[in-house]
Amino acid sequence: MVFGRRSRAPLLLARLSGLRRGACDRAMAPPRCFALELPGCTLAHFAVGDEAPGARPDPGVAALLGPPGRSYSLSVPVAGSAGCAARVRAARLHQRLLHQLRRGPFRRCQLRRLLCYRPGGGAGGLQHGFLLRDPRDSPDTRSALLALLDACPEAPRPVLAEFSGDPLCRLWQLPWERRDGQGWRQLGRELIVPLPEPALHPVVPDLPSSGVFPRREAARAVLEACTSFIPEARAVLDLVDQCPEQVQKGKFPVIVIEGLDATGKTTVTQSVSDSLKAVLLKSPPSCISQWRKIFDDEPTIIRRAFYSLGNYIVASEIAKESTKSPVIVDRYWHSTATYAIATEVSGGLQHLPPAHHPVYQWPRDLLKPDLVLLLTVSPEERMQRIEGRGMERTKEEAELEANSIFRQKIEVSYQRMENPGCHVVDASPSRERVLQMVLSEIQNNCN
């Protein structure tokens, strides 16, 4: 018996040492903060950390994480110093997981957006993910999740955890870890504690590298990372590289007309260009618009890089044409930025970046127009026009119809744009009246 105990001692010591190292690693790691989108487009923040006396998570969080039922978190890590290639890989994996979590055994589960971020905010360290809630707490859901992760052997590997409650009404997170050749195991449990809402939505510091690109080179680097799996990305880059990096506007005015789908942009831009004998341009330009459907099916970081570079190609065309006549542009940088902000910032209007935030500023290396007009109509009027057109719509345009909060976030983002800001024009009256108002705005603001 003595010999038997001695023979097991090294193994026990090794196991204890491994547990201590794991506990030490978790203690040294920065606390993880989470932002969970609740019903009604509100956000609840919580953290994994030490117990605070009497602290209990938000009731909305408790209802989604605790019993009855079982909830799981699934997130895609990106290193804080990760380059474009790593960000692109993470974004595509996140999109692939989203599609898979809407199929098969997960269809009976509820799916919500979940962000994991570092305390104090700042760029880098943000993880996009999901909260998957199984109201029936079926073991098949856990098995399907583990099988899903087994099918993702390449980096970055998704991070899986599940949640449980206890008799004291506390909530716990139980992380899962895959050990090569040894299957999956849980790493113990960590307490869920409430967290005050940060002053700035945690995704905002990452926007300049994930959707609202402040300069041409930032967007270019994203498409460069896509050339191995999107051949059209190389064609777009070749066209961008033919454009001078810095271009100057000619002596004639440049007017951009923005607005949601079905606000009358096509009609107004054509009418205004006819009235002013102006050149009419569109963004994205015709030389790349043939690939729009390809990039519309990609994650935000890739989709917005495509549209951003389209703006720089259009800028080169504006520079040439504005030396000879006025130029009217159907959409430009403002639409690229507003759709990215509304898509990436979860929650409601109150979670948008505040007015005068740098994300609303025009890129310094992009040719600036003399005037930006924003056409608006009531939601009811816009829906009537959409139903009457019967045209194919992008995913974002379809979401505009289904999600009023998304539409409102775009409208507010448009109105917060600065340098130049948007001059709002009510496009509800007759075509003749709208044209008259637009021409009056141009006359009052352009020499």
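Figured I'd write up the structure that's included with this text.

Calculation criteria
- Residues numbered from 1 in each chain as written.
- Predicted model: local features only at pLDDT ≥ 70, side-chain atom pairs only at ≥ 80, totals over all residues.
- Heavy atoms only, no water.
- Helix = DSSP H or I, 4+ residues; strand = E, 2+ residues; numbered from the N terminus.
- Contact = heavy atoms within 4.5 Å.
- Areas by Shrake-Rupley, 256 points an atom, 1.4 Å probe, with all protein chains shown as cover.
- Pairing = 2+ DSSP bridges.
- Axes fitted to C-alpha atoms, helices over the stretch in contact; angles between N-to-C directions.
- Polar contact = N/O pair within 3.5 Å; in protein donor to acceptor, adjacent residues only side chain to side chain.
- Salt bridge = Lys/Arg side-chain N within 4 Å of Asp/Glu carboxyl O.
- Buried < 20%, exposed > 50% of the residue type's maximum accessible area, 1.4 Å probe, protein only.

Observations concerning the overall build of the protein chain
What the protein chain contains, in helices and strands, is 16 helices and 14 strands. Relative to all contacts within the protein chain whose residues are 6 or more apart in sequence, the contacts with residues 24 or more apart total 75%. Carbon together with sulfur atoms contributes 53% to the accessible area of the protein chain, which is approximately 21,500 Å² in total.

Details of the sheet that holds strand β11 (residues 279-282)
Either a parallel or an antiparallel arrangement is found when strands of a sheet pair, and the pairing is made through backbone hydrogen bonds. Across the sheet, which stays open at both edges, the 5 strands sit in the order β11-β12-β10-β13-β14 with parallel pairing between neighbours. Two strands in the sheet have a free side with no partner beyond their single neighbour: β11 and β14 (423-426). Across the sheet, the mean angle separating the axes of adjacent strands is 25° when strand polarity is ignored. Helix α11 (residues 300-321) contacts β10 (254-259), β11 and β12 (327-330) of the sheet and is inclined by roughly 170° relative to β11.

With respect to the side chain of Lys265
The topology assignment puts Lys265 in helix α8 (residues 265-276). Looking at Lys265, its side chain comes within polar contact range of the main-chain oxygen of Leu260, at 3.2 Å. With near-sequence residues (within four places) excluded, Lys265 lies in contact with Ile257, Glu258, Gly259, Leu260, Asp330, Arg331 and Leu375.

Quick look at the pattern of salt bridges
Taken as a whole and judged by the stated rule, the model has 18 salt bridges. For Arg170, the salt bridge identified is with Asp166, shortest N-O distance 2.8 Å. An identical accessibility class is assigned to Arg170 and Asp166; each is buried. It is possible to trace a salt-bridge network through shared partners that takes in Arg70, Asp137, Arg142 and Glu162.

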